[in-house]
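# Fold and geometry: a report
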Amino acid sequence: MLSRCRQLLLIIAAFLLAVPLVAQPPGVYAITGGTVHPVGGADIEGGTVIVRGGLIEAVGRNIPLPPDAVEVDVSGMHVYPGLFDAQTASGLPEPARRASFGDEAGTAPRATPAPEPTATFRAAETTKLTGEMLDSRRKTGVTTILVASNAGIFNGQSAILNLYGDDIPAMVLKSPATQQISFNPRSSWTYPDSLMGVIAHIRQTMLDAAQYDAASRIYSRDPAGKRRPTPDVNLEALAPVLRGELPVVFIADSETMIRRSRTLAEESKLRWILSGGRNTYRMADEIRSWGVPVLLSVNFPKPPANADERTEEPLRVIRERVLSVTAPAELARRNVPFALVSGKAAPADFISGIRKAIDAGLSETAALRAVTLTPAEILGVDRQIGSIARGKIANLVVTDGPIFDRDSKIKHLYIDGREIRLPAETTASPATPASASPIDGAWNLTVRAPDGDVSIQATLRLQGTELTGTYSGSAGSGDIRSGSFNENRLEFDITIQTQAEPSDWSFSGTVENATIRGTVRTNLGQFEFTGSRTP
Amino acid sequence: MSQLRISNCGFIVRRTSVAIVTLISTFQLYAQTAANREILIRNATVMTITNGTIPGGSVLIRGSKIVAVGPDDQVRAGAGAEVIDATGRYLMPGIIDTHSHTAVEGSVNEISLPNTGMVRVHDALTNEDISAYRQLAGGTTTANILHGSANAIGGQNAVVKWKWGRPISEWPIADAPPGIKFALGENPKSANFSPPAGVAKQYPATRMGVAEVVRDSFTKARAYMAEWDTWNASRNKANLIPPRRDLLMEEMAEILRGNVQVHAHCYRSDEIVMLINLADEFGFKIATFQHVLEGYKVAKEIAAHGGLGAGTFIDWWGFKAESYDGIPHNVALMTRNGVLVSVNSDSDELARHLNLDAAKAMKYGGLSEEEALKTATINAARQLGVGHRIGSIEPGKDADLVLWSGHPFSTYSRVETTMIEGEVYFDRNRDLQQREDRKREKEALLTQEREAEEREKARAKSTAGGSKRGMGNER
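Attention in this report is confined to the structure presented alongside it.

Calculation rules
- Note that residues are indexed from 1 along each chain, following the sequence as it is written.
- Both sets of labels track the order of writing: A upward for chains, 1 upward for ligands.
- Residues qualify for local features only when their pLDDT is at least 70, as the model is predicted, and side-chain atom pairs are given and counted only at 80 or more; totals for whole chains, interfaces and linings, by contrast, use all residues.
- Side-chain figures throughout are based on the complete set of non-hydrogen atoms in the structure, without hydrogens or water.
- To sort residues, take the accessible area from a 1.4 Å probe on protein chains only and compare it with the maximum for the residue type: under 20% means buried, over 50% means exposed, and anything in between is partly exposed.
- Numbering goes from the N terminus for both helices and strands, where a helix is a DSSP run of H or I of at least four residues and a strand is a run of E of at least two.
- Note on contacts: a residue pair is in contact if any heavy atoms of the two residues lie within 4.5 Å.
- In this description, strands pair whenever DSSP reports at least two bridges between them.
- Axis lines are fitted through C-alpha atoms, for helices just across the contact stretch, and the angle between N-to-C directions can take any value from 0 to 180 degrees.
- What gets called buried area is simply the loss in accessible area from a 1.4 Å probe that two parts show on being joined, summed for both.
- What makes a salt bridge here is a side-chain nitrogen of Lys or Arg within 4 Å of a carboxyl oxygen of Asp or Glu, nothing more.
- For the purposes of these results, a polar contact is taken to be a pair of N or O atoms within 3.5 Å, where, inside protein, one atom must be able to donate a hydrogen and its partner to accept one; residues adjacent in sequence count only when each atom of the pair is a side-chain atom.
- Between 30 and 60 degrees the pair is tilted, below 30 it is stacked and above 60 it is edge-to-face, where a pair is any two Phe, Tyr or Trp rings, Trp via its six-membered ring, whose centres lie within 6.5 Å.
- To sit over a ring, a charge needs its Lys NZ or Arg CZ within 6 Å of the ring centre and within 35 degrees of the ring normal.
- Think of a patch as exposed residues, more than 30% relative accessible area, with no salt bridge, where like charges cluster within 9 Å and nonpolar side chains (Val, Leu, Ile, Met, Phe, Trp, Tyr) cluster within 5 Å.
- For the area figures, the Shrake-Rupley method with a 1.4 Å probe applies, and any residue is considered shielded solely by the protein chains shown.

## Re helix α9 (residues 354–363) of chain B
Residue and element names in this part refer to chain B. Regarding α9, the residues found buried are L354, N355, D357, A358, A359 and A361. Looking at the packing, one finds that the buried side of α9 touches β6 (95–100), α8 (330–336), β13 (341–343), α10 (369–375) and β14 (401–404). Trailing α9 by a residue or two, G365 shows a phi angle of about 110°, which is positive.

## A closer look at the sheet that holds strand β15 (residues 338–341) of chain A
All names here are of chain A. Overall, mixed pairing links the six strands, which are arranged β8-β11-β12-β13-β14-β15 in an open sheet. Strand pairing shows two members of the sheet lacking a second neighbour, β8 (154–157) and β15, which therefore form its edges. Each neighbouring strand pair of the sheet contributes to a mean axis angle of 20°, computed without reference to strand direction. The strands that helix α5 (residues 195–221) touches are β8 and β11 (179–182); relative to β8, the one it contacts most, it runs at about 45°.

## Let's talk about the interface of chain B and chain A
Listed by partner, the interface residues are 53 residues for chain B and 58 residues for chain A. A combined buried area of about 5,000 Å² lies between chain B and chain A, and 56% of that area is made up of carbon and sulfur atoms. Taken together, the connections running from chain B to chain A amount to eleven salt bridges. Counting every contact that joins chain B to chain A gives 25 residue pairs in polar contact (both at pLDDT 80 or more).

## A look at the packing of aromatic side chains
Under the criterion given, the structure shown has 18 aromatic pairs over all chains. Taken together, a centroid distance of 4.6 Å and an interplanar angle of 45° make the contact between F313 of chain B and W316 of chain B tilted. Residue F313 of chain B is classed as buried on the basis of its relative accessible area, which comes to 3%. When its relative accessible area of 35% is taken as the criterion, W316 of chain B is described as partly exposed. Each residue in the set F183, F250, W272 and W290 of chain A is aromatic and connected to the rest through ring pairs, giving one cluster. Looking at R418 of chain A, its charged tip hangs above the ring of Y164 of chain A, at a distance of 4.3 Å from the centre. Across from the ring centre of Y364 of chain B, 5.7 Å away, lies the NZ or CZ of K363 of chain B, which sits over that ring.

## Thoughts on the pattern of salt bridges
Taken as a whole and assessed by the stated rule, the structure comprises 64 salt bridges over all chains. A salt bridge links D123 of chain B to R203 of chain A; its shortest N-O distance comes to 2.8 Å. One end of the pair, D123 of chain B, is in helix α2 (residues 121–124); the other, R203 of chain A, is in helix α5, on a second chain. Taken as a pair, D123 of chain B and R203 of chain A share a single burial class, namely buried. When the shortest N-O distance is used, the salt bridge between E421 of chain B and K163 of chain B registers 3.0 Å. With E421 of chain B in the loop between β15 (415–420) and β16 (423–427) and K163 of chain B in the loop between β8 (153–161) and β9 (179–183), the pair connects residues that are 258 residues apart, well separated along the chain. The same class applies to E421 of chain B as to K163 of chain B, namely buried.

## Re a nonpolar patch on the surface
All names here are of chain B. Together, W316, W317 and F319 make up an exposed nonpolar region whose accessible area comes to about 290 Å². In this fold, W317 is placed in the loop between β12 (310–312) and α8. W317 sits in the partly exposed class, given a relative accessible area of 39%.

See below:
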């Protein structure tokens, strides 16, 4: 009952917050007295930024204040361009769970999976961002995001959204911004169900798209006596990609996947962008020589919680974990154009991830550029956003200290030239460390089986939206597999050993107030389970 | 013992010719080799494979190639040569495994369709599979990485050298002919596994169906080739819609043109004959029959087919119904009936001691030592179309060499050094040293990580303690 009341209050609050945002016309502001960090130019002490009609009208020192401007005195504060998170899948449906070779017959797929995206899929039309999600981005100084699905192989067309208001079509700054490709095999027995199959599929699709384009041109020139090419919207959607008008983003983290992306890009002569890029720390010279821009994810690997587990891990795992955080500094040192993006990290970890990169040797100036002007340049929107310059969209963040300092707070936020009233006193540095996630840690799970309760102790660890960990109990022990956690919804599998043959149990449930409730599918039927924190 | 004596006699006869070949080749190659770094391996028992065994033999390497082989007093190196004293040890060419699934990222089976000839193992190769390094420690330097056997026609294979530590682009042997996997019997008819719930079993479900998939594929390929021939012959190309480029059909067409080596997974003799007949019907050759546990029953037919022979296990059978008739004498019986035979692994583990599997061919069926050695070296090289560059110790060939502490057919011998193209990729002493280095690196990295976490903690504390801005408790 209580929780329902709370939900209602939240809805009312969101409504109240949303209405003034939409209704507010872009005003005229003179932001004076602060240190302006325009990015792409020298810092201006005691500078002035004039905002009018949603755009930046002027920036500099000793600029006369227009008589109709509302003066906002930010003396002692810092003025930055709004931050641009140039790769996130927030608001898009979760990828369907992949049934794989060796899955127990009988483990039916859970929930109805969203249909797999195709090249025609437009994130601008499918993204659903709740007021809460939008606020959680704005309160960290993020004013612009690029949303793209990461499900399927051709993930579809991404959209760049400027986060004013709550009406997604009205937020669109550029769509399509990119076509995106991920190396996700399909379920077993559905082509392609292997990595090599995925690559063969991409290769054939690119050939088909070129063929379709050529056939359509020849046919439309003189259709008489020719068989009409079978209409295909997906192949049609790839024509701008093959012409080099629309860049392709390849999602690749490991060195081998990065090299495969490049091979495919070269084969089809694509204009491409690397996204993810975890292993770029050890191939930075090559990345530079390829001339490919990088959307580098701050989804850095996390260590296991306990010290013993750390030392038991193989060197190659430790190497990757400790050194991947140096990738931004390595790329910066070689002048590789790169942006820092949340990627598969939870959006809440974006700022803390940037801070990790700074701690590992990236200068604050380079970090700022990597979340403002560079992503705008990579994605071809640098005439609109990315720096504080005359004529650009007025996305501005005003903080009381250097933006990436842990104790700096956001004092003013402008998106599209409107001042955004943030829900509470907020900060670029979220007070809650990422480790205090609602799911990380030790849980007691109780499965209500017909023969009596089965008790399982599980230790869960969240990495982006991927859930890993271990479990133990009377039913055996082992690793959590195929785990995910997103917006309070968790799913994971374990293999139970008590019977003659091991069988898979698939858990799915929701977390609320430190309690998990849900169902578990087993070879013996479907049961309810609950979970509470281990005291 | 008698085997050893025979090969020693052979050596005396051949000694002179080896020396002459050596001299000529030394001069010819001197100009060609870019890297002139010389390594002289001295005074080993050199098992050349193709020219007998030389006790007290030496091998000179320049750059990536072998330039001279012969008795120690007849092989001369330049002044700057690195000299390895191999007294008391055995030198043989790197072992070649004609059936491997190592170093493939993701599934080795594209399981979805009865014919997946468009997928390429090359695309999924990874240089991060530790098994490659472990195989070097067992003397294996080259492997034929095949697609799995889930479908009648599988994907395209890759012939690679285990250049551990080098980028994956450097692993494939550039001039190895392309190849493809076929599979017959239980696996392609899905007898031993089931799709997940809700997914229908796919065609074919019988051995007849497997044959039909092959026949159907090549029938379609002929039509595809004809379609392209028509288009290529047409005069008004600019105004004609070209046929679709179909990567599966192009691969089938390449098989029909004889440009692709077919490596066919099979067990039963009836199926082997079936595939020979099918290949004859379409006018191409089966390069190798793989596993081929009943090969001894149809050895004459395999030899008469005119392919490159058979790759088999020496003593691995009975693991499913179609493998019950396997016998360890298969290698010897096929060899005696004119089939080129290699012993291979299909296994990360077995690939580490193929020397012992070759040795067993002496016990079961009485192959000579030289014949047995060939099953793991030159025979395998010829089957993969790379016999011109690897598989034996001869001037002009790649310096892919393995130095053993004793005779490679003894279970007590171990690999001391494995070399590919003159580069050391495994060395026992170096490995022992590297274990210490790795331990130190691991400790240093963990310290680095701990320090970063402590810095972060300290910052969090100072923020929580020093600020009155209501950041809240961060513990």
